[in-house]
Amino acid sequence: QEGLIAVYDLGGGTFDISILNLSKGVFEVLSTGGDSALGGDDFDQRIFCWIIEAAKLKPLSVEDARLLLTCAREAKEYLTPHGAAPITARLNSGEVVDLKLSTEIFTDISKTLVAKTIQAVKKALRDADLSASDVKGVVMVGGATRMLNIQRAVAAHVACPVLNDLNPDEVVALGAAMQANLLA
C-alpha cells in the first residue's frame, strides 16, 4: 500500500532502519539509520555469557567457547517457536552444561540490545520529521527479526502492522529481483 513504510533490517552482524515513502510505485527514502556493530550475533553473545554465568564455568578453551557459542545460537533459534530452549553440552574439560533458556530470561538479557534498535528507529523517524504514528507498516528483514522480543518491541513502538509474512532471509533478494525485472 502507499504511504510511509519502515524497513527494520536486523541481520547477523548489522542493524539498519530505513523510512520510506511509497507513492505511485516509487520509493522515496526519507531517512536511514542503524548500528553497523549490532546484529543477531550480539544476541548469541548475550546467551553465551548467560551460559557461562549460569553454569558457573571457569575460563574456557577456544574449542569449548566455540561449542557454547554454537549452543547459544541454536538456543536462540529454537526459542522462538518453542518458548524454552534446552542447552546441553559436554565440554573438553569434562564439565557438563545442562540448562534451560526461557523466553523471559532471553528477553531480560537482551533488552539493552533491543532498546538500541528502538532508539535507532526513533532517531530515523526524528530525522524524517515524523512520529511513530505516521508509519503505515514495518517490514521486518533479516533472520534476527524472527525473535519474538524484537517483534514485540517494534509492535509496541509503532501503531501499525509489523509485516513479517515474508521470509526475512529472502525478502531483500525478492525485492531486488522485482526491481531488476522492472528495470529490464
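Anything mentioned here points back to the structure above.
Residues numbered from 1 in each chain as written. Predicted model: local features only at pLDDT ≥ 70, side-chain atom pairs only at ≥ 80, totals over all residues. Heavy atoms only, no water.

1. Quick look at the overall build of the protein chain
Then, in step 1: Helix and strand counts for the protein chain come out as six helices and seven strands.
Then, in step 2: Start at the N end of the protein chain and walk to the C end: the helices and strands fall as β-β-β-α-α-β-β-α-α-β-α-β-α.
Then, in step 3: Principal axes of the C-alpha set define a box for the protein chain whose edges measure 65 × 35 × 25 Å.
Then, in step 4: When the accessible surface of the protein chain is summed, it comes to about 10,200 Å², and 55% of that surface belongs to carbon and sulfur atoms.
Then, in step 5: Of the charged side chains in the protein chain, 17 are positive and 23 negative; the average position of the first set lies 5 Å away from that of the second. (Helix = DSSP H or I, 4+ residues; strand = E, 2+ residues; numbered from the N terminus. Areas by Shrake-Rupley, 256 points an atom, 1.4 Å probe, with all protein chains shown as cover. Lys, Arg positive; Asp, Glu negative; His and termini not counted. Charge placed at Lys NZ, Arg CZ, Asp CG, Glu CD.)

2. Remarks on empty space enclosed by the protein
Taking a probe equal in size to a water molecule and rolling it over the atoms shows the remaining empty space.
Then, in step 1: Under the counting rule described, the total for this entry stands at two cavities of 30 Å³ or more.
Then, in step 2: Of the volumes computed, that of the largest cavity is approximately 60 Å³.
Then, in step 3: Going through the elements one at a time, helix H2 (62-82), helix H3 (103-109) and helix H5 (148-157) are the ones with two or more residues in the lining of the largest cavity.
Then, in step 4: Each residue belonging to the lining of the largest cavity can be placed in one class, and the counts come to four nonpolar, four polar and one charged.
Then, in step 5: Here the second largest cavity is characterised by a volume of approximately 40 Å³.
Then, in step 6: What lines the second largest cavity is Ala6, Tyr8, Ile17, Ile118, Val121, Val138, Val154, His157 and Val158.
Then, in step 7: At the level of elements, strand S1 (3-10), helix H4 (111-127) and H5 are the ones that each hand at least two residues to the lining of the second largest cavity. (1 Å grid on protein atoms, 1.4 Å probe; cavity = no way out; pocket = protein on both sides within 12 Å on 5 of 7 lines; lining within 4 Å. Points joined across faces, edges and corners; volume = space filled by probe spheres on them. Nonpolar A, V, L, I, M, F, W, Y, C, P; charged D, E, K, R; others polar.)

3. Concerning the layout of surface pockets
Then, in step 1: Computed from the structure, the largest pocket encloses a volume of approximately 950 Å³.
Then, in step 2: Taken together, 28 residues form the lining of the largest pocket, with Val7, Leu20, Phe27, Val139 and Gly175 sitting closest to its centre.
Then, in step 3: Breaking the lining of the largest pocket down by element, the ones donating at least two residues are S1, strand S2 (15-23), strand S6 (137-141) and helix H6 (171-183).
Then, in step 4: Looking at the lining of the largest pocket, the element that brings in the most residues is H6, giving eight residues.
Then, in step 5: In terms of residue class, the lining of the largest pocket is made up of 17 nonpolar, seven polar and four charged.
Then, in step 6: Its volume calculated, the second largest pocket comes out at about 200 Å³.
Then, in step 7: Lining the second largest pocket, in full, are Gly11, Gly12, Gly40, Asp41, Lys76, Glu77, Thr80, Pro81, Gly143, Ala144, Arg146 and Met147.
Then, in step 8: When residues of the lining of the second largest pocket are traced back to their parent elements, those giving at least two are helix H1 (40-54) and H2.
Then, in step 9: Looking at the lining of the second largest pocket, the element that brings in the most residues is H2, giving four residues.
Then, in step 10: Tallied by class, the residues present in the lining of the second largest pocket amount to three nonpolar, five polar and four charged.

4. Focus: a nonpolar patch on the surface
Then, in step 1: Together, Leu166, Leu174 and Met178 make up an exposed nonpolar region whose accessible area comes to about 280 Å².
Then, in step 2: With respect to the helices, strands and loops of the structure, Leu174 is situated in helix H6. (Patch = residues over 30% accessible without salt bridge, like charges linked within 9 Å, V, L, I, M, F, W, Y side chains within 5 Å. Salt bridge = Lys/Arg side-chain N within 4 Å of Asp/Glu carboxyl O.)

5. Considerations on the nonpolar core
Then, in step 1: Membership of the largest hydrophobic core comes to 46 residues, with the highest contact counts inside it found for Tyr8 and Ile87.
Then, in step 2: Looking at which element gives the most residues to this core, the answer is H4, with seven residues.
Then, in step 3: Those residues in contact with Ile87 that sit more than four places away from it in its chain are Ile47, Trp50, Ile51, Cys71, Ala75, Val97, Asp98, Leu99 and Leu101. (Core = buried A, V, L, I, M, F, W, Y, C linked by side-chain atoms within 4.5 Å. Buried < 20%, exposed > 50% of the residue type's maximum accessible area, 1.4 Å probe, protein only. Contact = heavy atoms within 4.5 Å.)

6. Re unusual backbone geometry
Then, in step 1: If you check the backbone angles, Lys56 has positive phi at about 55° while not being a glycine.
Then, in step 2: Structurally, Lys56 is set in the loop between H1 and H2.
Then, in step 3: Even without a glycine there, the phi angle at Asp129 is positive, about 60°.
Then, in step 4: The residue Asp129 is located in the loop between H4 and S6 in this model.

7. Comments concerning the pairing of strand S4 (residues 84-90)
Then, in step 1: Burial of the side chains of S4 is restricted to one face: Ala85, Ile87 and Ala89 are buried, whereas none of Ala84, Pro86, Thr88 and Arg90 on the reverse face is.
Then, in step 2: In this structure, S4 lies alongside strand S5 (residues 96-102), joined through seven bridges in antiparallel fashion. Counterpart to Thr88 in the pairing with S5 is Asp98.
Then, in step 3: Linking two consecutive strands that pair antiparallel, namely S4 and S5, is a turn of five residues; a positive phi of about 95° is found at Gly94 within it. (Pairing = 2+ DSSP bridges.)

That is the geometry; function is a separate question.
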